[in-house]
Amino acid sequence: MSQQPAPAPARQPLDEHAAESARAYAADQRAKVDVLASVLEDIAANGYPSPESGVPWETARDAHLARLADEQPRVA
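Reference entry: report on the structure contained in this document. This structure is a prediction, so every number in the text was calculated from the model and none was measured. (Residues numbered from 1 in each chain as written. Predicted model: local features only at pLDDT ≥ 70, side-chain atom pairs only at ≥ 80, totals over all residues. Heavy atoms only, no water.)

Quick look at the overall build of the protein
Part 1 of the reasoning: Regarding its fold elements, the protein presents two helices and zero strands.
Part 2 of the reasoning: For the protein, the C-alpha radius of gyration of 21 Å lies well beyond 11 Å, the compact-globule estimate for 76 residues.
Part 3 of the reasoning: Burial status across the protein gives 1% buried among its 76 residues.
Part 4 of the reasoning: With an accessible surface of roughly 7600 Å², the protein has 60% of that area assigned to carbon and sulfur atoms.
Part 5 of the reasoning: When the 7 positive and 12 negative side-chain charges of the protein are each reduced to one mean point, those points stand 7 Å apart. (Helix = DSSP H or I, 4+ residues; strand = E, 2+ residues; numbered from the N terminus. Rg over C-alpha atoms; globule rule 2.2 N^0.38 Å. Buried < 20%, exposed > 50% of the residue type's maximum accessible area, 1.4 Å probe, protein only. Areas by Shrake-Rupley, 256 points an atom, 1.4 Å probe, with all protein chains shown as cover. Lys, Arg positive; Asp, Glu negative; His and termini not counted. Charge placed at Lys NZ, Arg CZ, Asp CG, Glu CD.)

Some points on the pattern of salt bridges
It is possible for side chains of opposite charge to pair when their charged atoms get near one another.
Part 1 of the reasoning: For the structure shown, the criterion picks out four salt bridges.
Part 2 of the reasoning: Residue lysine 32 pairs with aspartate 28 through a salt bridge whose shortest N-O separation is 3.4 Å. Here the residue lysine 32 and the residue aspartate 28 both occupy positions in helix α1 (residues 16-46), the gap between them amounting to four residues, near one helical turn.
Part 3 of the reasoning: Under the relative-accessibility criterion, aspartate 28 is labelled partly exposed at 36%.
Part 4 of the reasoning: Aspartate 62 is the partner of arginine 61 in a salt bridge, and the nearest nitrogen-oxygen pair spans 3.1 Å.
Part 5 of the reasoning: For arginine 61, a relative accessible area of 37% corresponds to the partly exposed category.
Part 6 of the reasoning: Three or more residues joined by partner-sharing salt bridges are found here, namely Glu16, Glu20 and Arg23. (Salt bridge = Lys/Arg side-chain N within 4 Å of Asp/Glu carboxyl O.)

A word on α1
Part 1 of the reasoning: An ideal rise of 1.5 Å per residue puts 45 Å on 31 residues; α1 measures up with 45 Å between its terminal C-alpha atoms.
Part 2 of the reasoning: Two or three places before histidine 17, at the start of α1, stands the capping residue aspartate 15, its side-chain oxygen 3.0 Å from that residue's backbone nitrogen.
Part 3 of the reasoning: After α1 finishes, the residue glycine 47 shows a positive phi value of roughly 85°. (Expected span 1.5 Å × (residues − 1). Polar contact = N/O pair within 3.5 Å; in protein donor to acceptor, adjacent residues only side chain to side chain.)

Here it is in structure tokens:
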């Protein structure tokens, strides 16, 4: 057996639509991570928020389900 790693497979280019979709997905994920990072930095600097300032999970769930119901149907 050879001790050298197997060569990486050649990459196949994406068409412009697929490349743009990948870029849009990456930007969306980056924005979500930035929000999470800012929340964690705030907790590190100021401590945990008080329970009274939070939103009950049932209220958050119902609001999220209402937003989902209002969206236009999408094709996967």
